[in-house]
Amino acid sequence: MVYKIVKKTKLNSLVEMMEIHAPYVARKCEPGQFIIIRVDEDGERVPLTIADYDREKETVTIIYQIFGYSTELLSKKEEGDYVQDFVGPLGQPSPLHKCDRVIGVAGGVGAAPLYPQLRKLSRMGVPVDVIIGGKSAEFVILKELFEEFCDNVYIATDDGSLGTKGFVTNVLEERINSGTKYDEVIAIGPLIMMKNVVKITKEYNIPTTVSLNPIMIDGTGMCGGCRVTVGGETKFACVDGPDFDGFKVDFDECMQRQGMFREEEHQCKIGRGM
Amino acid sequence: MANMSLKKVAMPEQDPNVRNKNFDEVALGYTKEMAMEEATRCLNCKNKPCVSGCPVNVPIPEFIQKVAAGDFEGAYEVITSENALPAICGRVCPQENQCEGKCVRGIKGEPVGIGRMERFVADWHMANAKPAEVKIEKNGKKVAVVGCGPAGITCAGELIKKGYDVTVFEALHKPGGVLSYGIPEFRLPKDLVAKEIETVEKLGVDIETNVIVGRSVTIDELMENGYEAVFVGSGAGLPRFLNIPGENHLGVYSANEFLTRVNLMKGYKFPECPTPVKVGNKVAVVGAGNVAMDAARTAKRLGAEEVYIVYRRSEEEAPARLEELHHAKEEGIIFKFLNNPVAIKADENGWVSQMEIVKQELGEPDESGRRSPHPIEGSNYDLDVDTVIIAIGQSPNPLIRKTTPGLETQKWGGIIVDEETMKTSKDGVYAGGDTVTGAATVILAMGAGKKSAAAIDKQLQGE
C-alpha cells in the first residue's frame, strides 16, 4: 500500500504541511488522534498528530518540524510522491465538551493538533481563544486559520518579533488575571511548555488537558514504550491518550524518557550522511 | 528393521561462541542424508501417538515414510495437507511437549526428530520445488481475518482453499505478527516467514497492512461491508509489567518493545536502518519463557557482556522450551533462578543502574500446578545492570474488545469463545490464538485458526 502526497506546503524554514491520501484514516479520524508514518522501506515509524482531514477527498493533513533523520527524509518528498506507510487513526479522540469558554495554548508545531480541537469546540458553540507561541514571527504557525473561528488570537514570541515578547505562559497568566473566565485550558507543545502552563492553571484551578507524544513504535499498545505516569499510574499514551489531565501528568519523567535515544538520533544522522 | 539408535541424528549448529555474536540462524538443518537416516528411526506404529500430540493433526508417520524413501515433495504434500507453515513449525514448535513428547521411541532414548524432519522437508521444498498451479472454485462469499499472525494466516489459508474471498487486516506495516516482530532472526529467519506468507498470498489471500481493526475500521463496519464472517486473531499484544518502583526509568524495555525494535525494525542494523535499540553491558531479562530467552540471546548478540535471566521460580518451572534454555546457556546467558526483582534503581540521569532482588524459596504448588515462590526475608541484594527487559507475558490487546459491542471477554481481556465452534458471543464473529488463550505458542494459534476456518465454512454453507 502506498500513500500519495497530494499537497505540500512549507510553513516556515523548519515546518512543513502535507496532505496525504489515506482513506482509512480520513474516514474515521477525530480531533486529538494521531497517525504513524513510515517514509520508506526500513524507515522508522514516526507518530505525528493529525492537523486536519477531508472525508470526501480521503486525505489527512500532517504538520511536522524537520528535526531528526526521519522528518528530514520526509521533507525530501514532494507533491505527487508517495510514502511507504501511513496508519491510524491512533489514540483516543479528545474529550471535548460544551462549556462557556476555552483557551488553547500552542507552542511551535503544537498548533497543528490544537487546530482541529478548537475548531470542533467552536462548531459545538463554545467560544474559544488561543495563544500561539514561537521562537520568532516566522515560527508562529496557523495564525490565519485560528483567526477564522477564535474570538481572540494572542501571539507570544521569544524575540518579540510578533505579539508579546516572552512565553505563552506570560500571556496566559495575563489573560486569566484580566478577568476572563476560562472553563478549560488545552495546552499542546513542548513538554516544558505544558509543564509550565499546568503550573499556572493549577494555581487558578482551571482544568487543563495536555497532549503527549512520547517515543513509541507500533501505536497500538503493543510495545509499551510510550508509558507515562498519570496520577501515579502507568498509562500508555498510544491507547490511553494522547490527551491527559495536565494536573496529573509526571512531566519530569516524560522529559527524561523523551531523551532515551538522543545520542542515537545524532549518530543516525551522521551514520547516514546527513 | 528400523534404525534402533537411541539418539536423534544430530543437527549441525553454529558454534555457541560464534553465533552469540551474529544474527544468523543457530541450527543449520539436516542434509538429505541426515533426514533420510533419521526417518528410519520411526517405527511407523499403528496407533500414531505423535499425531494425537500435534495441534493441527499432521499425519506424521506418513510424511516420515516419504522422507525415508527420498520422496521429499511427497512428504511436503502430506505435511501441508494439514499445516500451511511447516518451515516455521519445524523451527519453533515445542515438539518435546507435542508430537515428540508422545513418540514411543522417547520411552527409551530420544524420540524421533519429527521437528527436524519437518523443517528439512519445508526447506527442501522452498529450495527445489516449482510452484504448483492451484485452481480454486470461488463460492462468492467474503470473510475478514483480523491479524496476520499464525492464527490469522492459517485461518485465511484454509478458507481460501474452500473458495472464499479472504482479506486479512494487519495493524503493522508487515505481515506475520509475532513471527515478524517477536521471534528473532537467529531462530526464525524473516525471509523464510515472508516466503511462507507468500505461499498463502499466491492462493489468493489479500493482506491489507496498516489497518488497525478497532481504529481504522470496526468489526461491525466490516460486517456491514459484506464480510459474512470475521475471524479475530489479533494476538496478545499488550505487555505486562511488574508494577515495581523504577519501571519507567531509562533503559527499561518490555520484551515486545526490545524485540520489535530489533526484529521488525531491524535495529541490529542501526544506523543503516534508522530505528535505534540501545543495549548496555549488563542486561537483566525478567522471566524465563521463550520470549525471555529470545530477548536475552538478542541482547548478547547486540554486544552486552553480561546477560542475566532473572526468574522467581526454579529452572524446573521455567516455561521456555528445553532447546531454548539449552541454547541460551550455551551462549553464555547467566541464569538467576529463585530471584525476584522488587525495584529498579537509576543513576542521577534517570538511567537504570541496579536491580534490587529478593531471593526466593519454593513452597506448595499454586493454581498453575507449579510450586510457588516465597521471598527469603533479609536476602535482598542489588545487581548492577544498565538495561532491564521485562518478559513476563502479554495480555490480549484491548482495542477490539473496546470497540466491538456484544463481544464478551474474560476479566483479563481474553475473548470468550465456545471451544467447539470457536464462536464468540457476537454473531458471525470467531476468534482464536493468543487473543483467546493469552500468550501461548505458534502452533496452538494455528490450530485455533484452522478449527475456526472449518467452523466458519460449516456456518456459511448452512450445514
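Rules behind the numbers
- Residues numbered from 1 in each chain as written.
- Chains lettered and ligands numbered in written order.
- Predicted model: local features only at pLDDT ≥ 70, side-chain atom pairs only at ≥ 80, totals over all residues.
- Heavy atoms only, no water.
- Contact = heavy atoms within 4.5 Å.
- Buried area = accessible area lost by both parts, 1.4 Å probe.
- Salt bridge = Lys/Arg side-chain N within 4 Å of Asp/Glu carboxyl O.
- Polar contact = N/O pair within 3.5 Å; in protein donor to acceptor, adjacent residues only side chain to side chain.
- Helix = DSSP H or I, 4+ residues; strand = E, 2+ residues; numbered from the N terminus.
- Nonpolar A, V, L, I, M, F, W, Y, C, P; charged D, E, K, R; others polar.
- Axes fitted to C-alpha atoms, helices over the stretch in contact; angles between N-to-C directions.
- Parallel < 35°, antiparallel > 145°, perpendicular 65-115°, else oblique.
- Left-handed = near helix turned anticlockwise from the far one by under 90°.
- UniProt positions renumbered as here; feature names shortened; annotations may be inferred.
- Pairing = 2+ DSSP bridges.
- pLDDT = per-residue confidence, 0-100.
- Buried < 20%, exposed > 50% of the residue type's maximum accessible area, 1.4 Å probe, protein only.
- Lys, Arg positive; Asp, Glu negative; His and termini not counted.

**Some words on the interface of chain A and chain B**
Interface size is often expressed as the accessible area that is lost when the parts come together.
Then, in step 1: Contacts between the two partners involve 44 residues from chain A and, on the opposite side, 47 residues from chain B.
Then, in step 2: Between chain A and chain B lies a buried interface of about 4000 Å² when both sides are counted; carbon and sulfur atoms form 57% of it.
Then, in step 3: The interface formed by chain A and chain B contains two salt bridges.
Then, in step 4: The tally of links between chain A and chain B comes to 19 residue pairs in polar contact (both at pLDDT 80 or more).
Then, in step 5: Broken down by secondary-structure element, the contributors of at least two residues to the side of chain A that touches chain B are α1 (23-28), β7 (85-90), β14 (227-230), β15 (233-236), α8 (251-258) and α9 (262-271) of chain A.
Then, in step 6: In terms of residue count, β7(A) provides more of the side of chain A that touches chain B than any other element does, six residues in total.
Then, in step 7: Class assignment of the residues belonging to the side of chain A that touches chain B gives a composition of 16 nonpolar, 15 polar and 13 charged.

**Some details on the packing of helix α2 (residues 32-39) of chain B against helix α4 (residues 60-68) of chain B**
All names here are of chain B.
Then, in step 1: α4 packs onto α2 with a crossing angle of 130° between their chain directions and a minimal axis gap of 8 Å. Put simply, α2 runs oblique to α4. For the pair α2 and α4, the crossing hand works out as left-handed. Facing α2, whose interface residues are Ala 35, Met 36 and Ala 39, α4 presents Ile 64, Val 67 and Ala 68.
Then, in step 2: Residues that form the contact of α2 with α4 fall into these classes: six nonpolar, no polar and no charged.

**Quick notes on the UniProt feature "domain: FAD/NAD(P)-binding" (unreviewed entry) in chain B**
Then, in step 1: Mapped onto this numbering, the UniProt entry gives "domain: FAD/NAD(P)-binding" (unreviewed entry) at residues 141-449 of chain B.
Then, in step 2: This span, residues 141-449 of chain B, is 26% helix and 25% strand, and a straight line between its end C-alpha atoms measures 18 Å.

**Quick word on the environment of Ala87(B)**
Residue and element names in this part refer to chain B.
Then, in step 1: Mapped onto the elements, Ala 87 comes out in helix α6 (residues 86-92).
Then, in step 2: Along the chain, Ala 87 and Gly 140 lie 53 residues apart, while their C-alpha atoms are 31 Å from each other.
Then, in step 3: Non-local contacts of Ala 87, meaning those with residues more than four positions away in its chain, are made with Ala 122, Asp 123, Met 126, Leu 192 and Glu 196.

**Structural notes on the sheet that holds strand β2 (residues 15-21) of chain A**
Residues and elements named next belong to chain A.
Then, in step 1: Within the open sheet, the seven strands sit side by side as β6-β1-β2-β5-β4-β3-β7. Their pairing is antiparallel. What marks the edges here is a single partner per strand, and that holds for β6 (82-83) and β7.
Then, in step 2: As judged from the five bridges shared by strand β1 (residues 3-10) and β2, these two strands associate in the antiparallel manner. Each residue of the ladder has a partner; that of Lys 10, found in β2, is Glu 16.

**So, the confidence of the model for chain B**
Caution is warranted with low-pLDDT regions, since their predicted coordinates should not be read in detail.
Then, in step 1: Looking at chain B as a whole, its pLDDT mean stands at 93, while 100% of the residues score no less than 70.
Then, in step 2: The ipTM for the predicted assembly is 0.91, set against a pTM of 0.92.

**Let's talk about the sheet that holds strand β10 (residues 152-157) of chain A**
Then, in step 1: On the basis of which strands lie adjacent, the open sheet formed by seven strands has the order β11-β10-β9-β8-β12-β13-β16 (chain A) and mixed pairing. Each having just a single partner strand, β11 (164-165) and β16 (243-245) of chain A make up the two edges of the open sheet.

**Digging into the side chain of Glu158(B)**
Residues and elements named next belong to chain B.
Then, in step 1: Inspection of the secondary structure assignment puts Glu 158 in helix α9 (residues 150-161).
Then, in step 2: The buried charged residue Glu 158 lacks any salt bridge, with Lys 161 as its nearest oppositely charged partner at 4.4 Å.
Then, in step 3: Not counting chain neighbours up to four residues away, the residues in contact with Glu 158 comprise Lys 450 and Ala 453.

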